[in-house]
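# Chains, contacts and geometry: an overview
Spelled out from the first residue to the last, the chains are:
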Amino acid sequence: MIRVLITGGAGFIGSNYIHHALRVHPDWEIWNFDKLTYAGNLANLKDIEQDARYHFVKGDIADAAAVAAVMKNGIELIINFAAESHVDRSIKGSQEFLMTGVLGVQTLLDAAKEHGAKLFYQISTDEVYGDVEAGQYSTEADILRPSSPYSAAKAAGDLLVLAYARTHGVPVIISRCTNNYGPHQYPEKMLALFVTNLLENKHVPLYGDGQQIRDWLHVDDHCRAIDLLLDKGRRGEVYNVGANHQPELTNLQVTRLILDELKADAAMIDFVTDRPGHDRRYAVDTAKVSVLGWKPLVAPEEGLRRTVRWYKDNPDWWRPIKSGEFLKYYQEQYRKSPSSSHPSFPRQSSGQAGRRGV
Ligand code: NAD
Ligand code: DAU
């Protein structure tokens with residue numbers, strides 16, 4: 001059996017990846033090491049918790065003793081998903097982002113070094129490049145120009161990973177992927193927030209003019225890319241992973257697709273105060289991963305339809321989240337900004353006006 005440490009496996013991408021890995025790697029035994037922050041949710045893994053090849057350990061990747069203890073299980077491969085992942089929260093307070101994204105990564109790298117792990121795989125983000133002009137694509141060799149404390153922490157993490165590879169010879173791979181979407185995404189992120197808001201008959205808060213561009217990658221396609229890179233990726237290298245669907249979609253266009261899918265009216269959109277430092281467009285050059293044989297399989301319309309269906313069918317998953325810690329965050333995040341000429345708090349629909357039978 002190959003003994004694998006997956007950190008942050010109770011979150012959105014990590015839990016999707018654990019399901020995927022148990023399916024496609026019968027020779028893997030997995031330790032899911034997760035701090036269970038507000039975004040960590042063991043309900044994401046309920047169906048596999050009795051699987052003999054799966055173990056859960058609650059812990060912080062910045063806690064060297066806890067990491068050393070889990071490594072004693074004979075871990076050979078570390079896949080690090082753990083991070084504070086929400087840009088807006090990093091603007092309100094950055095410390096946790098640095099604790100996990102920098103000190104946490106350093107602690108894991110030390111453990112990889114000391115225990116002679118065969119590979120340390122870092123899940124990174126296209127946000128480390130900052131935004132790119134229309135027609136341009138970030139390559140893995142580009143300089144890092146992170147715009148938010150979140151992406152600055154991720155960039156620092158990437159640099160540490162490369163430094164440990166060069167100085168200590170730790171075998172590493174970094175992948176930088178674009179915006180993931182799919183089931184079990186914490187409903188603070190745009191797509192999950194907008195779908196669940198509409199299902200609750202609430203308006204959706206679109207930042208600024210809604211003309212920002214993100215590259216929407218279905219989480220299943222991301223999981224397949226990770227596997228390919230584990231298998232064929234060169235140690236010490238960085239790989240971009242993105243869907244590159246054409247035409248590119250602005251946030252407003254994505255919002256319209258969601259509204260259409262839920263038969264809701266455009267009046268449900270509230271244009272609200274923009275995110276400070278908001279990156280305008282992300283797009284990555286994926287030639288390096290494509291050459292190895294990966295391409296996205298989920299078309300955006302199909303992926304969106306499936307994702308909307310999942311949130312519709314699983315209110316028991318997201319309703320408890322939206323009534324807890326999330327509610328306080330939401331009220332603070334979207335309350336009217338004193339300097340703004342327009343409100344940033346999205347309205348509750350007064351009735352069925354603006355809906356087309358959600
Ligand atoms: P998420 O917020 O849904 O999950 C993060 C998980 O990490 C949670 O389970 C949380 O409890 C855990 N965690 C946080 N701090 C920890 C710590 N100190 N020790 C142990 N566990 C900790 O995030 P996600 O969207 O699933 O993102 C996973 C990874 O992918 C992150 O590294 C993120 O930067 C990266 N990424 C995400 C996207 C995206 O679109 N969601 C895109 C590119 C890259
Ligand atoms: O690009 C990869 C990144 O994608 C990951 O590294 C991050 O972990 C992940 O959270 C995501 O970051 P974004 O900031 O792009 O995702 P978010 O869902 O927060 O926002 C997507 C777009 O939608 C962005 O342009 C901001 C906008 N938005 C977001 C929210 C939450 C809105 O217009 N309104 C909102 O309420």
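Now for a look at the structure at hand. (Residues numbered from 1 in each chain as written. Chains lettered and ligands numbered in written order. Predicted model: local features only at pLDDT ≥ 70, side-chain atom pairs only at ≥ 80, totals over all residues. Heavy atoms only, no water.)

## Let's talk about the packing of aromatic side chains
In total, this model carries 13 aromatic pairs according to the counting rule given. Ring centres 5.6 Å apart and planes at 35 degrees place the aromatic pair tyrosine 17 and phenylalanine 81 in the tilted group. Placement of the pair is tyrosine 17 in helix H1 (residues 12-24) and phenylalanine 81 in the loop between strand S4 (77-80) and helix H3 (87-92), with a sequence separation of 64 residues. Side by side, tyrosine 17 and phenylalanine 81 carry an identical accessibility label, which is buried. (Phe/Tyr/Trp six-rings, centres within 6.5 Å; stacked < 30°, edge-to-face > 60°. Helix = DSSP H or I, 4+ residues; strand = E, 2+ residues; numbered from the N terminus. Buried < 20%, exposed > 50% of the residue type's maximum accessible area, 1.4 Å probe, protein only.)

## Observations concerning the site of ligand 1
The full set close to ligand 1 counts 28 residues, and Ile13, Asp34, Ser85, Tyr150 and Lys154 are the nearest of them. In the environment of ligand 1, a nitrogen atom lies 2.9 Å from a nitrogen or oxygen atom belonging to the side chain of aspartate 60. Here an oxygen atom of ligand 1 and a side-chain polar atom of lysine 154 are 2.7 Å apart. Burial of ligand 1 by the protein chains amounts to 97% of its free accessible area of 830 Å². Of all elements in the fold, only H1, strand S5 (119-125) and helix H5 (149-168) reach the threshold of two or more residues within the shell around ligand 1. No other element matches the three residues that S5 contributes to the shell around ligand 1. Looking at the shell around ligand 1, its residues break down into 12 nonpolar, 12 polar and four charged. (Near = heavy atom within 4 Å. Polar contact = N/O pair within 3.5 Å; in protein donor to acceptor, adjacent residues only side chain to side chain. Areas by Shrake-Rupley, 256 points an atom, 1.4 Å probe, with all protein chains shown as cover. Nonpolar A, V, L, I, M, F, W, Y, C, P; charged D, E, K, R; others polar.)

## Thoughts on the nonpolar core
Grouped burial of nonpolar side chains is what soluble globular proteins tend to show. Core analysis: the biggest nonpolar cluster contains 36 residues, and Leu191, Val195, Leu198, Ile258 and Tyr311 have the highest contact counts within it. The set of elements that each furnish at least two residues to this core consists of helix H6 (190-199), strand S8 (204-207), helix H8 (251-261), strand S13 (269-272), helix H10 (300-313), helix H11 (315-323) and helix H12 (325-333). Ranked by residue count, the leading element in this core is H6, at eight residues. Those residues in contact with valine 195, other than ones at most four positions away along the chain, are Ile258, Leu262, Val308 and Tyr311. Ranked by size, the runner-up nonpolar core spans 35 residues in total, among them Ile13, Leu45, Ile173 and Leu230. (Core = buried A, V, L, I, M, F, W, Y, C linked by side-chain atoms within 4.5 Å. Contact = heavy atoms within 4.5 Å.)

## Concerning the packing of H10 against H11
Between H10 and H11, the shortest axis-to-axis distance is 6 Å and the interhelical angle comes to 75 degrees. Compared by their axis directions, H10 and H11 come out roughly perpendicular. Along the contact surface, H10 presents Trp310, Tyr311, Lys312 and Asp313, while H11 presents Pro315, Trp317 and Trp318. Here the contact of H10 with H11 is composed, by residue class, of five nonpolar, no polar and two charged. (Axes fitted to C-alpha atoms, helices over the stretch in contact; angles between N-to-C directions. Parallel < 35°, antiparallel > 145°, perpendicular 65-115°, else oblique.)

## A short note on the side chain of glutamine 212
Checked against the element boundaries, glutamine 212 lands in the loop between S8 and strand S9 (213-214). A polar contact of 3.5 Å, which involves the side chain of glutamine 212, links it to the backbone oxygen of tyrosine 207. The residues touching glutamine 212, leaving out its near neighbours within four places in the chain, are Tyr207, Leu249, Thr250, Asn251, Asp274, His278, Asp279 and Arg280.

## So, the site of ligand 2
Inspection of the region around ligand 2 gives 25 residues, with Thr125, Asp126, Tyr150, Arg275 and Tyr334 positioned closest. Serine 85 is positioned with one of its backbone polar atoms (N or O) 2.8 Å from an oxygen atom of ligand 2. Between an oxygen atom of ligand 2 and a main-chain N or O atom of tyrosine 207, the distance comes to 2.8 Å. In the complex, the protein chains occlude 94% of the 680 Å² of accessible area that ligand 2 would expose alone. For the shell around ligand 2, the elements supplying multiple residues, two or more each, are H3, H6 and S8. Considering only residue class, the shell around ligand 2 consists of 10 nonpolar, eight polar and seven charged.

## Description of unusual backbone geometry
In this chain, glutamine 246 is followed by proline 247 through a cis amide linkage whose omega measures -5 degrees. Summarising the element assignment, proline 247 is placed in the loop between strand S11 (237-241) and strand S12 (249-250). Of note in this structure, leucine 36 is not a glycine but carries a positive phi near 55 degrees. Of note, leucine 36 is situated in the loop between strand S2 (28-34) and strand S3 (54-58). On the basis of relative accessibility, which here comes to 27%, the residue leucine 36 falls in the partly exposed class. We note that asparagine 201 has phi near 65 degrees; this positive angle belongs to a residue other than glycine.

## Quick notes on empty space enclosed by the protein
Evaluated as defined, the whole model comprises three cavities of 30 Å³ or more. Roughly 120 Å³ of internal volume is contained in the second largest cavity. Lining the second largest cavity are 14 residues, with Arg214, Asp215, Trp216, His245 and Glu248 sitting closest to its centre. Class assignment for the residues of the lining of the second largest cavity results in eight nonpolar, three polar and three charged. (1 Å grid on protein atoms, 1.4 Å probe; cavity = no way out; pocket = protein on both sides within 12 Å on 5 of 7 lines; lining within 4 Å. Points joined across faces, edges and corners; volume = space filled by probe spheres on them.)

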